[in-house]
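Listed below, chain by chain, are the residues.
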Amino acid sequence: MNIRKIMEMKGKEPIVMITAYDYPSAKIAAGSEIDILLVGDSLGNVVLGYDSTVPVTMEDMLIHIKAVRRGAPEAFIVGDMPFLSYEIGPEKAIENAGLMLKAGANAVKLEGGEEFADTIRRITSSGIPVMGHLGFTPQSVNLLGGHRVQGKTPESRAKLLKDAKALENAGCFSIVLELVTEEVAKEITESVKIPTIGIGAGRYCDGQVLVFHDVVGLSQGEFKFVKRYADTYNIMLNAVTQYKEDVKRKIFPDEKNVF
Ligand code: KIV
């Protein structure tokens, strides 16, 4: 996979993206031949146990990008730029985006609209592909006042459409739309030439992205936009509980496990 192929998929074939944070999740995602692996800063919530993505650092991201690259040597990997790694100015943004590529990412993703057009232009001019992210932008949770669906008012719709155009003109190769009304996500998808990848943004985006732990049922939250394909949490809980009981009852190790 590469950015040219991803862009050519628009309107022809749905793009599938999933987050991956470590060696095993990357191996599984690569084994499924998923189009794009996103090392999301959602690792702050699902792997590190923070209540938002705000505390996630560049150091955290680089460790996880390297692990994902080891698990998926051939995959197209997008590294998520964490809070304050690109907001301070284009120079800092280029430097941090470059570190992500050196760690193994093929592209970076950053949250925000028109206000980051110049930064995106500068990053892409340095040879680093950028994926945009509009709608509910988790790093701005404190400003947005919670997980709110975007695009519900005429002002919000107009801003999203304007931001999507600005990201396209700045050189983004695709845009994530998170928690956007289906109608507005469709309108954005039809108004830009680059693919949109939705999460909680309905059926008409060019692709979909979900968090690995939600897909496999390792996370516990209930979100309307998630489809859970397995109950891994309970499978793991049962396995660990059975192991504990076997040791307590002196069933494990048995003669098959000894030297
Ligand atoms: O960090 C993440 O997992 C994301 C997705 C929700 C798109 O940004």
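Criteria and thresholds
- Residues numbered from 1 in each chain as written.
- Predicted model: local features only at pLDDT ≥ 70, side-chain atom pairs only at ≥ 80, totals over all residues.
- Heavy atoms only, no water.
- Phe/Tyr/Trp six-rings, centres within 6.5 Å; stacked < 30°, edge-to-face > 60°.
- Helix = DSSP H or I, 4+ residues; strand = E, 2+ residues; numbered from the N terminus.
- Buried < 20%, exposed > 50% of the residue type's maximum accessible area, 1.4 Å probe, protein only.
- Near = heavy atom within 4 Å.
- Polar contact = N/O pair within 3.5 Å; in protein donor to acceptor, adjacent residues only side chain to side chain.
- Areas by Shrake-Rupley, 256 points an atom, 1.4 Å probe, with all protein chains shown as cover.
- Pairing = 2+ DSSP bridges.
- Right-handed = clockwise from strand over helix to strand, strands pointing away.
- Lys, Arg positive; Asp, Glu negative; His and termini not counted.
- Salt bridge = Lys/Arg side-chain N within 4 Å of Asp/Glu carboxyl O.
- Core = buried A, V, L, I, M, F, W, Y, C linked by side-chain atoms within 4.5 Å.
- Contact = heavy atoms within 4.5 Å.
- Axes fitted to C-alpha atoms, helices over the stretch in contact; angles between N-to-C directions.

What follows deals with the packing of aromatic side chains. Aromatic ring pairs are reported here in terms of the distance separating the ring centres and the angle at which the planes meet. Evaluation of the coordinates by the stated rule reveals four aromatic pairs. Ring centres of F76 and F173 lie 6.1 Å apart, and the angle between their planes is 75°; on these two criteria the pair is classed as edge-to-face. Taken together, the positions of F76 in the loop between α4 (58–71) and β3 (77–80) and F173 in the loop between α8 (154–170) and β6 (174–178) put the pair 97 residues apart, joining distant regions of the chain. Of the two residues examined, F76 and F173, each falls in the buried class.

Attention now goes to the site of the ligand. Surrounding the ligand, one finds T19, L38, G40, D41, S42, D80, K109, H133, V176, E178 and I199. At a separation of 2.5 Å, an oxygen atom of the ligand approaches a polar side-chain atom of S42. The side chain of D80 places a nitrogen or oxygen atom 3.1 Å from an oxygen atom of the ligand. Protein contacts shield 96% of the accessible area of the ligand, which totals 260 Å² for the unbound molecule.

Burial of strand β2 (residues 36–39) is two-sided: the residues I36 and L38 facing one way and the residues L37 and V39 facing the other way are all buried. The pairing of strand β1 (residues 15–19) with β2 spans three bridges and is parallel. Looking at β2, one finds that T19 is bridged to L38. After leaving β1, the chain enters helix α2 (residues 23–31) and then returns to the sheet as β2, a path that is right-handed.

Following the sequence through the fold, D41 ends up in the loop between β2 and α3 (43–46). Notably, D41 is buried but unbridged: the nearest opposite-charge side chain belongs to K109, and the N-O separation is 5.3 Å. Engagement of the side chain of D41 in a polar contact is seen with the side chain of Q139, the distance being 2.7 Å.

With 70 residues, the main nonpolar core has I36, L37, M100, I123 and L177 as its most contacted residues. In this structure M100 touches M58, M61, L62, I65, G79, D80, M81, P82, A105 and V108, once residues within four positions along its chain are discounted.

A separate point is the sheet that holds β1. Pairing is parallel in the closed barrel, where eight strands are placed in the order β1-β2-β3-β4-β5-β6-β7-β8. Strand after strand, the sheet turns through a mean of 25° between neighbouring axes, direction not considered. Direction of pairing for β2 relative to β3: parallel, over a ladder of three bridges. Counterpart to L37 in the pairing with β3 is I77. Here helix α5 (residues 90–103) sits on the sheet in contact with β3 and β4 (107–109), set at roughly 130° to β4. Running at roughly 175° to strand β5 (residues 130–135), α8 makes contact with β5 and β6 of the sheet.

Turning to its location among the elements, Y23 is positioned in helix α2. Considering only alpha carbons, one finds Y23 and R69, 46 residues apart in sequence, at a separation of 7.7 Å. In contact with Y23, not counting residues within four places along its chain, are A67, R70 and G71.

Evaluation of the coordinates by the stated rule reveals 13 salt bridges. K109 serves as the salt-bridge partner of D80, at 2.9 Å between the closest nitrogen and oxygen. Here the residue D80 occupies a position in strand β3, and K109 occupies one in strand β4, the gap between them amounting to 29 residues. Residue D80 shares its accessibility class with K109, and that shared class is buried. Of the charged contacts, one joins K165 and E168 as a salt bridge, the two residues approaching to 2.8 Å between their closest N and O atoms. Taken together, the residues span about one helical turn, with K165 and E168 both in helix α8 at a distance of three residues. Assessed through its relative accessible area of 15%, E168 is described here as buried.

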